[in-house]
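Geometric and topological summary
Next come the chains, spelled out residue by residue.
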Amino acid sequence: MIGRELAEAGIPSLIIDERPHVAGNCHTERDAESGVMIHRYGPHIFHTDSERVWNYIRCFGEFEPYVNRVKATVKGKIYSLPVNLHTINQFFGTSMSPAEARAFIASKARNDIQDPQTFEEQGMKFVGEELYEAFFAGYTRKQWGIEPSELPASILKRLPLRFNYDDNYFNHRFQGMPREGYSKIVETILDHPLIELRRQVRFEDLDESFQHLFYSGPIDRYFNFDLGRLAYRTLDFQMIRAEGDFQGTAVMNYPDSDVPFTRIAEHKHFAPWEAGHLEETVAFREYSRACGPDDIPYYPVNLVGGVDLLKTYQDRASELKDVTFVGRLGTFQYLDMDVTIDRALDVAQAYLKQRAAH
Ligand code: UDP
């Protein structure tokens, strides 16, 4: 995005990627055997409240309507997510109205917690102990590898709680899936005469010099990990091939602690406009673990109160006037695609303004 904005303003740039493809962890490719469009590094659903971002991304490819509706298997039963009136009535075996459910959950919620700081406090205050234990505690331990009492409340604040039957996983006004996949969109963005793209080039192996560097790799890697490594989670995917329909939906979460994976994503359901034509299906069990030196980082692990190393790297980063750190890994923040794009557009504008002033 930044390269494209600069190119539109007449500034040439070199974009490198160490992988053989563009789009990073959003990369999509069509599976030759089944014809399913696969999100190689796990599911990505485009959703945003920003008209700027929604209008921008659709300049580079067509989006199909898509609404993410997630289910959860808990102790052998299927529930609706995010936690909504259906979930509450399913879980407690009730048939409450919105007002009754609101009062019921308020009676379960830990109201003594005033200003929740941790994931656990947020969960207890948000839905009360039973729903928290069933849907959030086990999933979160598997996903992050640490106790929810050590994780920030912000992670749980990603998820809505609704007292109606709206089971749209996201609250945003705009949501969709790129018809030809995310990689095609990124290829189109990079298709400009002033952009040179080199794949399979590591940042460390570049020996040219540049007027400015926009760095979207891990922030600690930029500094050769000289103060130590920040914690990331990586994912392993176990592929399942089947005929027809494997689980009947795109995402099934498995919060139970005795199930080793966090969720199963069946990718043809991310493309409902073509799913009906495909006879075979592909699904992936998703396993989360600590990211080793040779693994691909997916999620930055932000601990409550554990920011010292990050802060030191960030202070050093802010001293570098010719380098801007961007994206989930460059800023070490759990950013969604839309926020990353929004910030990238801001970064490009700020850079162009600063350049024009000199
Ligand atoms: N989460 C959970 N149970 C679920 C789904 C999510 O406890 O069934 C928690 C978990 O800690 C997860 C966070 O909420 O990391 C954010 O969930 P989201 O679905 O946004 O995760 P992503 O799709 O980004 O992996």
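Residues numbered from 1 in each chain as written. Predicted model: local features only at pLDDT ≥ 70, side-chain atom pairs only at ≥ 80, totals over all residues.

Take the overall build of the protein next. Looking only at helices and strands, the protein has twelve helices and 16 strands in total. In terms of overall dimensions, the protein is globule-like: its C-alpha atoms have a radius of gyration of 22 Å, near the 21 Å expected for 358 residues. Projected onto the principal axes, the alpha-carbon positions of the protein cover approximately 65 × 50 × 35 Å. Within the protein, counting contacts between residues at least 6 apart in sequence, those at least 24 apart form 73% of the total. (Helix = DSSP H or I, 4+ residues; strand = E, 2+ residues; numbered from the N terminus. Rg over C-alpha atoms; globule rule 2.2 N^0.38 Å. Contact = placed C-beta atoms within 7 Å.)

All right, on to the nonpolar core then. If you look at the biggest cluster of nonpolar residues, it comprises 70 residues, and the most contacted ones within it are Ile 57 and Phe 135. Per-element tally for this core: the top contributor is helix α6 (residues 129-144), with eight residues. There are two domains that each give this core at least three residues, and those are domain 1 (2-69 + 173-357) and domain 2 (84-158). Look past the residues within four positions of Ile 57 in its chain and what remains in contact with it is Phe 46, Ile 185 and Ile 341. (Core = buried A, V, L, I, M, F, W, Y, C linked by C-beta atoms within 7 Å. Buried ≥ 20, exposed ≤ 12 C-beta atoms within 10 Å, placed from the backbone. Domains from an automatic or database assignment.)

With that out of the way, let us pick up the sheet that holds strand β13 (residues 263-266). Read from one edge of the open sheet, seven strands run β7-β6-β12-β13-β14-β11-β15, paired in mixed fashion. Strands with a single pairing partner mark the edges of an open sheet, and in this sheet they are β7 (77-80) and β15 (299-300). Here four bridges tie β13 to strand β14 (residues 280-290), and the two strands are oriented antiparallel to one another. Following the sheet pairing, Arg 263 is matched in β14 by Glu 286. Sitting on the sheet, α6 is in contact with β6 (70-74), β11 (232-243), β12 (251-253) and β14, with an inclination near 95° to β6. (Pairing = 2+ DSSP bridges. Axes fitted to C-alpha atoms, helices over the stretch in contact; angles between N-to-C directions.)

Quick look at the site of the ligand now. The ligand sits among 13 residues. The nearest are Phe 136, Tyr 139, Thr 140, Gln 143 and Asn 253. In terms of residue class, the shell around the ligand is made up of nine nonpolar, three polar and one charged. (Near = placed C-beta within 6 Å. Nonpolar A, V, L, I, M, F, W, Y, C, P; charged D, E, K, R; others polar.)

Among the structural elements, Gly 42 can be located in the loop between β3 (37-39) and β4 (46-48). For the pair formed by Gly 42 and Thr 234, sequence separation is 192 residues and the distance between their alpha carbons is 11 Å.

As a further point, take the domain arrangement of the protein. Examined at the domain level, the protein breaks down into domain 1 (2-69 + 173-357) and domain 2 (84-158). Between the C-alpha centres of domain 1 and domain 2 the distance comes to 29 Å. With 14 residues of domain 1 in contact, the opposing surface of domain 2 contributes 16 residues. The element that contributes the greatest number of residues to the side of domain 1 that touches domain 2 is β14, accounting for three residues. For the side of domain 1 that touches domain 2, the per-class residue count stands at six nonpolar, five polar and three charged.

So, on to the sheet that holds β4. Taken in spatial order, the three strands make up an open sheet running β4-β8-β5, and their pairing is antiparallel. In this open sheet, the two edge strands, each paired with only one partner strand, are β4 and β5 (63-65). Each strand of the sheet is rotated relative to its neighbour by a mean of 40°, with strand direction disregarded.

Of all residues in the protein, 100% attain a pLDDT of 70 or more, and the chain-wide mean is 96. Interface confidence in the predicted complex, given as ipTM, is 0.98; pTM for the same model is 0.96. (pLDDT = per-residue confidence, 0-100.)

For the rest of this paragraph, the subject is helix α5 (residues 119-127). Among the nine residues that make up α5, seven are buried, leaving the element largely enclosed by the rest of the structure. Within the span of α5, buried status applies to Phe 119, Glu 120, Gln 122, Gly 123, Met 124, Phe 126 and Val 127. Tucked inside the fold, the buried residues of α5 contact α4 (98-108) and α6.

Bringing the pairing of β7 into the picture now. Sheet topology note: the β6/β7 ladder contains four bridges and is antiparallel. Residue pairing for β7: Thr 73 is matched across the bridge by Ile 78. What sits between the antiparallel neighbours β6 and β7 is a turn of two residues, in which Lys 75 has the positive phi angle 45°.

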